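Descriptive analysis of the structure
If you want the building blocks of each chain, they are given just below.
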Amino acid sequence: MERVADGVVTESAMGFFTDVTLCIGCKACEVACKQWNQLPSDGYALTGNSYDNTSRLSSTTWRHVAFVEQMDREVPAASRWMMMSDVCKHCTNAGCLEACPTGAIVRNEFDDVYVQPDVCNGCGYCVPSCPFGVVAVQQNTGVAQKCTLCYDRQKDGMEPACAKSCPTDSILFGRVDELRVKAEARVANLRAQGKDVRLYGVDGEETRNVGPLNAFFLIPDRPEVFNLPPKPVLPSRFQPAAYTAGLLAALAMTAVGIGVFRGFGERA
Amino acid sequence: MDTEKPSQPHGANYGAAGNFSPDAVAASMQRGDGGFGRDQETYFDHPILRKAHWRWEIITYFFVGGAAAASAALAAFADLYGEERDAELVRNGRYTALAGSLVSAALLVKDLGRPERFLNMLRIFKLKSPMSVGVYALVSFSTVAGFAALDQARADGIIGWNPFGWFPKRVRIGILAVSAAFMACYTGVLLSATAIPVWYTGRRHIPPIFVLSGVSTACAAQNALLALFGGSPRTAKKVETIALIASLAEAALLLDWERRAGDAATPVFTGKRGSRLKTYTLGLGIALPALLNLSSVLSRKTPEKHHRLRTILTSSLALFGGYVLRETVVYAGRDSADDPRAYLRHPE
């Protein structure tokens, strides 16, 4: 598959297909990710929000398992408890990559968004520029960190640690085009069973600005239930309006400034 | 720095599926399902977006950078289009522009997670990144502000020889015009071009408001300097006129932003932060100095001497108001990022 993203042409984009209907919430992915990438502990805070004690992705949590409880008192059998392993989406149009002023954030040969830790200077502008709230600056290292899609493992032909450790194959790693075929088949299968499922990050409304996601999901409910934005924005699209408004004001004040100094001169 | 601990949920809402908004609670009461509905709006109210870590360093940088850019512009206007007696403004403007740009650079470096890697920002230029554009605006602005200050120091007899005296003045003014315009407006663009709802929905207002605030604070600073170091009252009157126009336009844009953005801009205009903005920026920072300056601007006569006390007072108020403006807009971004519903409600 050929894709043009940020001016880079790649032959085979590598990514994740995360199937929420298969996740059992074991958090093996979280642990494997922490271990392989040598990420520090997040402490032992208990949130009381189901079994989710990491709450969200952060600079030291690159896989995060969300636990969504939906109880139905009237029809108890209709209750469900869903687990979803969230990760950096490795967008086609990545807000963090566009915002990075040092060029530390690049698109690597696997078409994934990678933060070069030795180039990043921790300006933190990628953080509010990520439409999914993924990337964050870590205090100890002073640089922005997020999922690398196990760039180091991929270079050695290995699959990322989270996908390797997933006992139910809820996390699949592979070529994005092949993963999409599998995902479509899975959706067809589940729909045939009467389940209401959809893909997030392939061709829905969520891809309008950020483009297709290299890490996409199969979800059995609306995206916001899993803390995924239904319509993620692409910050660079706001620039033309912002620059126009700002520079017009600067131009107007230049005219005022010149006018005032000239006008007074004539009056004298 | 963003403390990277798991964010604490809003209260221990065990089993309540996080729907704690009054609407959601009312809906769940009606269903009688204790909140375990199928209409979850969010995931335990956890933020979808991540807030910027920016604190006083960046707020002060936005404030000082904008004022420095406008000070340099004032000095240039006075130099090119002014009279002999405006020389004091030219001198003060040039020196403060250089001082401001140096303070700006120091603040920007201090704010980095790895300050020793500041120069990494100069290894590439990226039009798509306002941070990159801004760094180049700052570097080119400081350079030409430095040249102008050296020229001034040579003219003032502080230095006997200007190593950059050969640099053509026309080129210097050209670079100054472009870089000062970008210095004044890019900070607003920097905020607008993010995924934070209160900032991107305000993209048509924040950059011009920051430009106008830069001009009004620069005028306030220059007026105070003129009053303190004996500039011509006639020069002060010109500066006051510019300040009046800029600050009134700034107030008009702020009110227009509030009106148009509606609930998208609540983090800026409501609550403690909103009343702080209205008191210190709109009230004491803009309205009061405008009222006090209006009579002197409108009168045909130029006063014989400065109202030193009044100038110091109005200038201080205007400067503080300008700082509060940046602080309010920057910190409102935190509230906006923490509110998942804001992002769901305002897709673009």
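Remember, it's a predicted structure, so these values are computed and weren't measured experimentally.

**Some details on the overall build of chain B**
For chain B, the helix and strand inventory stands at twelve helices and zero strands. When each of the 348 residues of chain B is scored for burial, the buried share is 53%. Here the analysis covers contacts within chain B between residues at least 6 apart in sequence; of these, 77% occur between residues at least 24 apart.

**Some details on the overall build of chain A**
Counting secondary structure elements, chain A contains eight helices and twelve strands. If you line up chain A on its principal axes, its C-alpha atoms span 90 × 50 × 45 Å. Sequence-distant contacts, at least 24 apart, represent 60% of the contacts inside chain A between residues at least 6 apart.

**Some points on helix 5 (residues 169-192) of chain B**
Compared with the 34 Å implied by 1.5 Å per residue over 24 residues, the 34 Å span of helix 5 of chain B between its first and last C-alpha is a close match. If you look at helix 5 of chain B, its biggest bend is around 40°, right at Cys185 of chain B.

**Focus: the interface of chain B and chain A**
Facing 83 residues of chain B, the contacting portion of chain A comprises 77 residues. Secondary structure elements with two or more residues in the side of chain B that touches chain A: helix 2 (56-81), helix 4 (130-155), helix 5, helix 7 (206-228), helix 8 (233-261), helix 11 (308-338) and helix 12 (340-345) of chain B. Residue classes in the side of chain B that touches chain A are distributed as 45 nonpolar, 20 polar and 18 charged.

**Observations regarding the domain arrangement of chain A**
Examined at the domain level, chain A breaks down into domain 1 (3-233) and domain 2 (236-268). With centres defined by C-alpha atoms, the gap from domain 1 of chain A to domain 2 of chain A works out at 45 Å.

**A short note on the confidence of the model for chain A**
Confidence in the prediction of chain A, expressed as mean pLDDT, is 92, and 94% of residues score 70 or more. With pLDDT under 50 throughout, residues 1-9 of chain A is counted as low confidence; its partners more than four residues away or in other chains account for 17 contacts.

**Re the sheet that holds strand 10 (residues 171-175) of chain A**
Within a sheet, each strand pairs with its neighbour through backbone hydrogen bonds, oriented either parallel or antiparallel. Residues and elements named next belong to chain A. Across the sheet, four strands lie side by side as 10-3-12-11; this open sheet has mixed pairing. Unpaired on one side and paired on the other, strand 10 and strand 11 (198-200) mark the two borders of the sheet. Each adjacent strand pair in this sheet contributes to an overall mean axis angle of 25°, direction not counted. Across four bridges, strand 3 (residues 14-19) lies against strand 12 (residues 215-219) in parallel orientation. By the bridge assignment for strand 12, Phe16 is matched with Ala215.

**Some points on unusual backbone geometry**
Glycine aside, a negative phi is what most residues show, and trans is what most peptide bonds show. Even without glycine at this site, Cys150 of chain A takes up a positive phi of about 45°. Here Cys150 of chain A shows up in the loop between strand 9 (144-145) and helix 4 (151-155). Even without being a glycine, Asp45 of chain B presents a positive backbone phi close to 60°. One can find Asp45 of chain B in the loop between helix 1 (22-31) and helix 2.

**A word on the packing of helix 7 of chain B against helix 8 of chain B**
Residue and element names in this part refer to chain B. The contact between helix 7 and helix 8 brings their axes to 8 Å, and the two run at 155°. Comparing the axis directions of helix 7 and helix 8 gives the class roughly antiparallel. Helix-helix and strand crossings are classified by hand; for helix 7 and helix 8 the assignment is left-handed. Contacts between helix 7 and helix 8 involve Pro208, Ile209, Leu212, Ser213, Val215, Ser216, Cys219, Ala220, Gln222, Asn223, Leu226 and Ala227 from the first element and Thr235, Ala236, Val239, Glu240, Ile242, Ala243, Ala246, Ser247, Ala249, Glu250, Leu253 and Leu254 from the second. Partitioned by chemical class, the residues of the contact of helix 7 with helix 8 number 16 nonpolar, six polar and two charged.

**With respect to the environment of Leu228 of chain B**
All names here are of chain B. Along the chain, Leu228 falls in helix 7. The class of Leu228 is partly exposed, set by 14 C-beta atoms lying within 10 Å. For Leu228 and Ala69, which are 159 residues apart along the polypeptide, the C-alpha to C-alpha distance reads 21 Å.

**A look at the pairing of strand 12 of chain A**
One face of the sheet, then the other: side chains in a regular strand alternate in exactly this way. Residues and elements named next belong to chain A. Buried residues dominate strand 12, accounting for five of its five residues. The side-chain alternation of strand 12 yields two buried faces, one formed by Ala215, Phe217 and Ile219 and the other by Phe216 and Leu218. Inspection of the sheet shows strand 11 paired to strand 12 by three bridges, in the antiparallel sense. Bridge pairing in strand 12 links Tyr200 to Phe217.

**Considering the nonpolar core**
Core analysis: the biggest nonpolar cluster contains 183 residues, and Cys96 and Cys126 of chain A together with Ala72, Ala184 and Cys185 of chain B have the highest contact counts within it. Top element by residues in this core is helix 2 of chain B. It accounts for 17 residues. Two domains each provide a minimum of three residues to this core, namely domain 1 (3-233) and domain 2 (236-268) of chain A. Sequence-distant contacts of Ala72 of chain B, defined by excluding residues within four places in its chain, comprise Gly93, Ala97, Ala145, Leu176 and Ala180 of chain B.

What counts, and where the lines are drawn
- Residues numbered from 1 in each chain as written.
- Chains lettered and ligands numbered in written order.
- Predicted model: local features only at pLDDT ≥ 70, side-chain atom pairs only at ≥ 80, totals over all residues.
- Helix = DSSP H or I, 4+ residues; strand = E, 2+ residues; numbered from the N terminus.
- Buried ≥ 20, exposed ≤ 12 C-beta atoms within 10 Å, placed from the backbone.
- Contact = placed C-beta atoms within 7 Å.
- Expected span 1.5 Å × (residues − 1).
- Bend = angle between axes of the 7 residues up to and from the residue.
- Nonpolar A, V, L, I, M, F, W, Y, C, P; charged D, E, K, R; others polar.
- Domains from an automatic or database assignment.
- pLDDT = per-residue confidence, 0-100.
- Pairing = 2+ DSSP bridges.
- Axes fitted to C-alpha atoms, helices over the stretch in contact; angles between N-to-C directions.
- Parallel < 35°, antiparallel > 145°, perpendicular 65-115°, else oblique.
- Left-handed = near helix turned anticlockwise from the far one by under 90°.
- Core = buried A, V, L, I, M, F, W, Y, C linked by C-beta atoms within 7 Å.

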